[in-house]
Amino acid sequence: MGYKIRSFGKVQSVKTKLILILCGLLAMTILGCWLANQLFLPIYYQHSKISTLSDSFRKINHIVKNDSDIGKSPGDSGLSEKSINTLDSLTENGSMNAYLFQINDYFGILQYNFCYPSADSLSNVQKENVRDKTVDYVVGLVNGYVEKEGRELIKGNNRYQVFKSYDERIGSYYLELFGRIDSGEFVYISTNYQSMRESVAVSNRFLAYIGLIAVLISGVLLFVIGNNFTKPILHMTDIATRMSQLDFEAKYPVETKDEIGRLGTSINTLSERLEETISELKSANNELQKDIENKIQIDEMRKEFLSNVSHELKTPIALIQGYAEGLHDNINDDSESREFYCDVIMDEADKMNKMVKKLLTLNQIEFGKNQISFERFDIVQVIRSVIQSATLLADQKGAEIYMEEMDPVYVWADEYMVEEVVTNYISNAINHVDGEKRIRVTLEMREKVVRVHVFNTGEKIPESDLDKIWIKFYKVDKARTRAYGGSGIGLSIVKAIVESMNQQCGVNNCSDGVDFWFDTDRKS
């Protein structure tokens, strides 16, 4: 993934921000050190040098005092070899020149007697240089500090004074200390101040070069380190993007227990929770959609049911109303006509009563109000009982109901419901039998079920109507159905009963008729 920068220059990458901030802090730190060196190092160095000169004065005083204590007579200007070596070490380590001498005034003429370094080791030029530099200091100690061009008093007390002087001959500044120790000798110490300024300048240039190199190296290192730090963040950003697109397969591999590891664990947990929540929402939405569809279907069924019931009841109600009005108005005075009118009213009322009972039965089965009671019984006996009851009606139609003799067959089902199914099938067969007018009931033994077939000769059911005959109030031949008083509910009751027992039912067209069937469980 790249590091994007907006057109108005705002840095977007955390890694780039981190590198720029840290490099900026490093550069500012180095610049601060450079400025501190430039502004304060000379002052500090000068203060340090002054402290060194003051400390050296005290040490020289201590060395000479101890040397005098070891056996030197008063006025003897010589120093022991040990003291000389100590003074040599002091001057060499301090990068300074130190002179210890006595001054005698002979009638206004100052004579110098050098104790350190020895007079023999000093050239005449060195001796004259010391005399020229210290003659004003001697006057200053006696009469107070005398202002002189090129010389600035920095520190002073009743024992010594420290000056910053400019040497015109070599164009350089010096720090000089002039004082008098306890034994009476004068001390003159000088150190080059210009060399310190050059050292500060060299130090600052070196610091600038090192700082630039450090910033470049740090930038490269921060780039590598930034990659390691931002790589997990970029990975988690990619996972979050996939989560926003409902892709929850990606998981962050948690390998550490630091803040990044805990964040990765939280991302994984969030992904799992979101996946579970969305899954639950989808399931709930699916159930809600099904409920909506069921409600729509129930509303449509209710409308269709009311329409069909209204249609089915309209004819018998009209007949009852018409014949009742005839009786009320005494249209026919003879008793035979009145009896006919009464028979019609009773017949139509009976049809309405049967249809309402069937509707109530169907409603109870469909809505689970009619509890199924499974029991083991002989289905052959149930079928023969129904056939015996329907024989009279079949004889009136000139039809014959036939079933072969067979041994008892036991099934597990609701005996009353099975009897209702067989009754509806045989009644339907009697109403539609034609041609040879034969009705045949057979049993087919299958692996787990007993399939009961009720066949009748006659016209076939149109293929387009085979799936519709189970719908309430659906009639293939409305004129014929009306002739025998059918309501179109019987087969709907059959289907509802069979499905309530978790079995199947159906119909097949045969060469010479129609075969209705249903299954019952033959095993416990």
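Here is what the cut-offs are and how they apply
Residues numbered from 1 in each chain as written. Predicted model: local features only at pLDDT ≥ 70, side-chain atom pairs only at ≥ 80, totals over all residues. Heavy atoms only, no water. Helix = DSSP H or I, 4+ residues; strand = E, 2+ residues; numbered from the N terminus. Buried < 20%, exposed > 50% of the residue type's maximum accessible area, 1.4 Å probe, protein only. Areas by Shrake-Rupley, 256 points an atom, 1.4 Å probe, with all protein chains shown as cover. Patch = residues over 30% accessible without salt bridge, like charges linked within 9 Å, V, L, I, M, F, W, Y side chains within 5 Å. Salt bridge = Lys/Arg side-chain N within 4 Å of Asp/Glu carboxyl O. Lys, Arg positive; Asp, Glu negative; His and termini not counted. Charge placed at Lys NZ, Arg CZ, Asp CG, Glu CD. Axes fitted to C-alpha atoms, helices over the stretch in contact; angles between N-to-C directions. Parallel < 35°, antiparallel > 145°, perpendicular 65-115°, else oblique. Left-handed = near helix turned anticlockwise from the far one by under 90°. Contact = heavy atoms within 4.5 Å. Nonpolar A, V, L, I, M, F, W, Y, C, P; charged D, E, K, R; others polar. Expected span 1.5 Å × (residues − 1). Polar contact = N/O pair within 3.5 Å; in protein donor to acceptor, adjacent residues only side chain to side chain. Pairing = 2+ DSSP bridges. Phe/Tyr/Trp six-rings, centres within 6.5 Å; stacked < 30°, edge-to-face > 60°. pLDDT = per-residue confidence, 0-100.

In terms of regular secondary structure, the protein chain is built from 10 helices and 13 strands. Taken across its 524 residues, the protein chain has 35% of its residues classed as buried. When the accessible surface of the protein chain is totalled, it reaches about 32,400 Å², and 53% of it is carbon and sulfur.

Attention now moves to a negative patch on the surface. Taken together, Glu249, Glu272, Glu275, Glu276 and Glu280 make up a surface patch of like negative charges. Mapped onto the elements of the fold, glutamate 276 is located in helix H5 (residues 259-329).

Attention now moves to unusual backbone geometry. The amide bond that connects tyrosine 116 to the next residue, proline 117, takes the cis arrangement and shows omega of -10°. Assignment of secondary structure puts proline 117 in the loop between strand S2 (109-116) and helix H3 (124-143). Positive phi outside glycine occurs at asparagine 502, with the angle close to 60°. Structurally, asparagine 502 can be placed in the loop between helix H10 (490-500) and strand S12 (505-509). Judged by its relative accessible area of 68%, asparagine 502 falls in the exposed class.

Following both chains from N to C, one finds helix H8 (residues 415-432) and H10 inclined at 150°, their axes separated by 9 Å at the closest point. Here H10 runs roughly antiparallel to H8, going by the angle between their axes. H8 and H10 meet at a crossing whose hand is left-handed. Packed against H8, whose contacting residues are Met417, Glu420, Val421, Asn424 and Tyr425, the element H10 presents Gly490, Leu491, Ile493, Val494, Ile497 and Val498 at the interface. Here the residues of the contact of H8 with H10 are counted per class, giving 8 nonpolar, 2 polar and 1 charged.

Evaluation of the coordinates by the stated rule reveals 10 salt bridges. One salt bridge in this structure joins glutamate 128 and arginine 131, with 2.9 Å as the shortest N-O distance. Of this pair, glutamate 128 and arginine 131 both sit in helix H3, separated by 3 residues, roughly a single helical turn. A residue is classified by how much of its surface remains accessible, and glutamate 128, at 40% relative accessible area, is partly exposed.

For the rest of this paragraph, the subject is H8. Residues spaced three or four apart along an α-helix point in a common direction, a consequence of the helix completing one turn every 3.6 residues. In this model H8 runs 26 Å from its N-terminal to its C-terminal C-alpha over 18 residues, within 8% of the 26 Å that 1.5 Å per residue would give. For H8, every residue scored as buried is listed here: Met417, Val418, Val421, Val422, Asn424, Tyr425, Ile426, Asn428, Ala429, Ile430 and Asn431. You can read the cap of H8 off the contacts: a side-chain oxygen lies 3.1 Å from the backbone nitrogen of tyrosine 416, and it is on aspartate 414.

This brings us to the packing of helix H7 (residues 379-397) against H8. At a minimum axis distance of 9 Å, the contact between H7 and H8 shows a crossing angle of 30°. The angle between H7 and H8 places the two elements in the roughly parallel class. H8 is crossed by H7, and the crossing has right-handed handedness. Residues Ile379, Val382, Ile383, Val386, Ile387, Ala390, Leu393, Ala394 and Lys397 of H7 form the contact with H8, whose own contacting residues are Glu415, Val418, Glu419, Val422, Thr423, Ile426, Ile430 and Asn431. When the residues that make up the contact of H7 with H8 are grouped by side-chain class, the tally is 12 nonpolar, 2 polar and 3 charged.

Our next topic: the side chain of threonine 457. Tracing the chain through its elements places threonine 457 in strand S11 (residues 449-457). Here threonine 457 falls in the buried class, since its relative accessible area comes to 3%. For threonine 457, the side chain forms a polar contact with the main-chain oxygen of aspartate 434, separated by 2.7 Å.

Looking along a regular strand, one sees the side chains alternate between the two faces of the sheet. As paired strands, strand S3 (residues 151-156) and strand S4 (residues 160-167) are joined by 5 bridges and run antiparallel to one another. Bridged to lysine 155 within S4 is valine 162. Here S3 folds back onto S4, and the loop between the two strands holds 3 residues.

As a further point, take H10. Most of H10 sits inside the fold, with 8 of its 11 residues counted as buried. Turning to H10, its buried residues number three or more, namely Gly490, Leu491, Ser492, Ile493, Val494, Ala496, Ile497 and Val498. Asparagine 502 occupies a position one or two residues after H10 and carries a positive phi of about 60°.

This part is about the packing of aromatic side chains. The tally for this structure, following the rule as stated, stands at 12 aromatic pairs. Consider the rings of phenylalanine 101 and phenylalanine 186, whose centres lie 6.2 Å apart with planes at 25°: the pair is stacked. Of the two residues, phenylalanine 101 sits in strand S1 (residues 97-106) while phenylalanine 186 sits in strand S6 (residues 186-192), which places them 85 residues apart along the sequence. Each member of the pair, phenylalanine 101 together with phenylalanine 186, is buried. Measuring from centroid to centroid gives 5.9 Å for tyrosine 425 and phenylalanine 518, while their planes differ by 55°, and the two rings are tilted. Of this pair, tyrosine 425 sits in helix H8 while phenylalanine 518 is found in strand S13 (residues 513-521), placing the two residues 93 residues apart along the sequence.

This part is about the confidence of the model for the protein chain. In this model, the protein chain carries a mean pLDDT of 78, and residues with pLDDT of at least 70 account for 81%. Ranking the elements of the protein chain by mean pLDDT puts helix H9 (residues 478-484) last with 46 and S11 first with 94.

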